[in-house]
Amino acid sequence: MNSCAGAVKDANASNRESRIMLELANKRIVLGLTGGIACYKLAEFVRRAGEHGATIDVVMTPAATQFITPVTMQALSGRPVFIDPWDARVPNNMAHINLTRGADAILIAPASTDFMAKLAHGMADDLLSTLCVARGDCPLLIAPAMNREMWLNPATQRNVALLRQDGVQLLGPAEGEQACGEVGSGRMIEPDQILAELIAFFQPKVLEGQRVLITAGPTSERIDPVRVITNRSSGKTGFAIAQAAREAGAEVILISGPTPLPTPYGVTRIPVESARQMHAAVMQHASSSDVFISVAAVADWHVVNRSDQKLKKTAAGGAPQLEFGPNPDILAEVAALQTGPWCVGFAAETENLVEHAEAKRRRKGVPLLVGNLAQHVMDADITELVLFEDAGRTSLTPQPKLQAARALVREIARRLPKTNNT
Ligand code: CTP
């Protein structure tokens, strides 16, 4: 490669690093591949995890090498790949011990039926199974991948139960079309979902066991079948909070207005359009939730005289006269429930943040209201949150939305009533 190409590559790499948050910086992961067609998907996973700063040591069973070559995995991980327990490259010949010492996690993906059986019974007849038995307290995560009948087989299900009992974390499997052409459960979750699960694994589980209900995005009020009134909320903050809450161990329902944002992995999304639809969806889930975080930019009014047919310019004889009716205040209504969830409101203001936010908190009757300046919120990736509560006001460090969301989730977890915060 000439030096010019090298410089371009370096610039691209540093641009990429500045765009991607290094979620796995300083993490060393032992990635074990076992025999399954899904092995090819791990090439993408290794590349993406590397972009997030992870150091990946790949270990393959001999069966895995039938599906993807060690050369591919070595090129992508930038490190030697291990297969043989008698590998002469390891000075003390103890790869099964050395590899997991100091590792932050072992991830087996794809995990075959046979390999899960071996794991469940403590067998150690190849390098990967031996290092799993010798792992000590190194956490073990596995992403099963197999035909649906193999997954449903009672012996496999017994092994799954044993593995869970031993503290092994299962990632998936997913349902869907399988390589064999059948449809059902047993598909490996996708590489980006494995990555999301791995990143989540390292987050503190401050909301374990909590059911968190979140609204996000804009709402959209119809004028006629082709026209709506909406607002500029991107939904990014609410989606980041949903991801952060899920990473913190919560069961998350995200009720979102129209936004093209992808649903964070593991979050249940309920799409709505109008404020009244959002209200109905929230009220259906509010009483069974522990926490309600109301991030949506909810329209205050809907069009009362909306038309069932497209309004015609000529027929209107000038600009149409729209009549507005008030929408329910979702947050205030949930906050007033007798046995409702612990409520967190949001206020995006264009001026006088402190006065408006504190007045809003009292008016809506919520223990915590999070304020930010609207001009800092719309489409921005960095966010600066200010917490308003009885005890006063606290500013959180301005940071990218996902980090800010994680910080907020920790603040919420600290404030949950003890009976609620199990
Ligand atoms: N909210 C809500 N239902 C509404 C309006 C707002 O649940 N109909 C929630 C928002 O999700 C947010 C908080 O109330 O958590 C404050 O929203 P905001 O739009 O800032 O306040 P409004 O009550 O609409 O007051 P104003 O428009 O006068 O600022």
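Residues numbered from 1 in each chain as written. Predicted model: local features only at pLDDT ≥ 70, side-chain atom pairs only at ≥ 80, totals over all residues. Heavy atoms only, no water.

1. Side note on empty space enclosed by the protein
This structure, assessed with the given rule, holds two cavities of 30 Å³ or more. The calculated volume of the largest cavity comes to roughly 60 Å³. Lining the largest cavity we find Gln203, Pro204, Val206, Ala244, Glu247, Ala248, Arg406, Val409 and Arg410. Ranked by residues supplied to the lining of the largest cavity, first place goes to helix α16 (residues 401-415) with three residues. Along the lines of polarity and charge, the residues of the lining of the largest cavity split into five nonpolar, one polar and three charged. Secondary-structure elements contributing two or more residues to the lining of the second largest cavity are α10 (236-247) and α16. At four residues, the largest contribution of residues to the lining of the second largest cavity is made by α16. Among the residues making up the lining of the second largest cavity, the classes are represented as six nonpolar, two polar and one charged. (1 Å grid on protein atoms, 1.4 Å probe; cavity = no way out; pocket = protein on both sides within 12 Å on 5 of 7 lines; lining within 4 Å. Points joined across faces, edges and corners; volume = space filled by probe spheres on them. Helix = DSSP H or I, 4+ residues; strand = E, 2+ residues; numbered from the N terminus. Nonpolar A, V, L, I, M, F, W, Y, C, P; charged D, E, K, R; others polar.)

2. What to know about the site of the ligand
Neighbouring residues of the ligand: 14 residues in total, closest Ser294, Ala296, Leu331, Lys360 and Lys364. One of the backbone N or O atoms of Leu331 is found 2.8 Å from an oxygen atom in the ligand. Take Lys364: an N or O atom from its side chain is 2.6 Å from an oxygen atom of the ligand. In the complex, the protein chains occlude 78% of the 570 Å² of accessible area that the ligand would expose alone. At the level of secondary structure, the elements contributing two or more residues to the shell around the ligand comprise α13 (330-335), β16 (342-349) and α14 (353-364). The class makeup of the residues in the shell around the ligand is seven nonpolar, two polar and five charged. (Near = heavy atom within 4 Å. Polar contact = N/O pair within 3.5 Å; in protein donor to acceptor, adjacent residues only side chain to side chain. Areas by Shrake-Rupley, 256 points an atom, 1.4 Å probe, with all protein chains shown as cover.)

3. Considering a nonpolar patch on the surface
Taken together, Ile37, Tyr40 and Phe67 make up a surface patch of nonpolar side chains, about 330 Å² in accessible area. Mapped onto the elements, Tyr40 comes out in the loop between β1 (28-33) and α2 (41-51). (Patch = residues over 30% accessible without salt bridge, like charges linked within 9 Å, V, L, I, M, F, W, Y side chains within 5 Å. Salt bridge = Lys/Arg side-chain N within 4 Å of Asp/Glu carboxyl O.)

4. Points about helix α8 (residues 154-165)
It helps to recall that an α-helix has 3.6 residues per turn; residues three or four apart then point in one direction. Look at α8: 16 Å from first C-alpha to last across 12 residues, which is about the 16 Å you get at 1.5 Å a residue. Among the residues making up α8, those that are buried are Thr156, Asn159, Val160 and Leu163. For α8, the angular spread of the buried residues around the axis is 105 degrees, confining them to a single face. Counted as exposed and oriented over 90 degrees from the buried face of α8: Pro154, Arg158 and Gln165. As for α8, its buried residues are in contact with α5 (113-120), β4 (140-144), α7 (148-152) and β5 (169-170). For α8, the capping residue at the N-terminal end is Asn153, with a side-chain oxygen 2.8 Å from the backbone nitrogen of Ala155. Two residues or fewer past α8, Gly167 is found with a positive phi of approximately 85 degrees. (Expected span 1.5 Å × (residues − 1). Buried < 20%, exposed > 50% of the residue type's maximum accessible area, 1.4 Å probe, protein only. Arc of directions from axis to C-beta. Contact = heavy atoms within 4.5 Å.)

5. Description of the sheet that holds strand β3 (residues 105-111)
One open sheet accounts for five strands, arranged β2-β1-β3-β4-β5; its pairing is parallel. Two strands lie at the open edges of the sheet, namely β2 (55-60) and β5, each paired on one side alone. Taken together, the six bridges between β1 and β2 define a ladder with parallel strand orientation. In the strand pairing of β2, Arg28 is matched with Thr55. Its contacts with the sheet put α2 on β1, β2 and β3, and the angle it makes with β1 is roughly 175 degrees. (Pairing = 2+ DSSP bridges. Axes fitted to C-alpha atoms, helices over the stretch in contact; angles between N-to-C directions.)

6. Description of the packing of α10 against α16
The interhelical angle for the contact between α10 and α16, taken along N-to-C directions, is 55 degrees, at an axis separation of 8 Å. Between α10 and α16, the crossing angle belongs to the class labelled oblique. As for how α10 packs across α16, the hand of that crossing is right-handed. From α10, Lys236, Thr237, Ala240, Ile241, Gln243, Ala244, Ala245 and Glu247 reach across to α16, where they touch Lys401, Leu402, Ala405, Arg406, Leu408 and Val409. Considering only residue class, the contact of α10 with α16 consists of eight nonpolar, two polar and four charged. (Parallel < 35°, antiparallel > 145°, perpendicular 65-115°, else oblique. Left-handed = near helix turned anticlockwise from the far one by under 90°.)

7. Topic: the domain arrangement of the protein
Examined at the domain level, the protein breaks down into domain 1 (21-201) and domain 2 (211-415). Distance from the C-alpha centre of domain 1 to the C-alpha centre of domain 2: 39 Å. Of the residues lining the interface, eight residues belong to domain 1; the matching set on domain 2 comes to seven residues. For the pair domain 1 and domain 2, the summed buried surface comes to about 620 Å²; carbon and sulfur atoms form 56% of the total. Considering only the surface of domain 1 that becomes buried against domain 2, Met21, Glu197 and Ala200 emerge as the three largest contributors, covering 59% of it. Viewed at the interface, domain 2 and domain 1 are joined by two salt bridges. Linking domain 1 to domain 2 there are two residue pairs in polar contact (both at pLDDT 80 or more). Split by residue class, the side of domain 1 that touches domain 2 holds five nonpolar, one polar and two charged. (Domains from an automatic or database assignment. Buried area = accessible area lost by both parts, 1.4 Å probe.)

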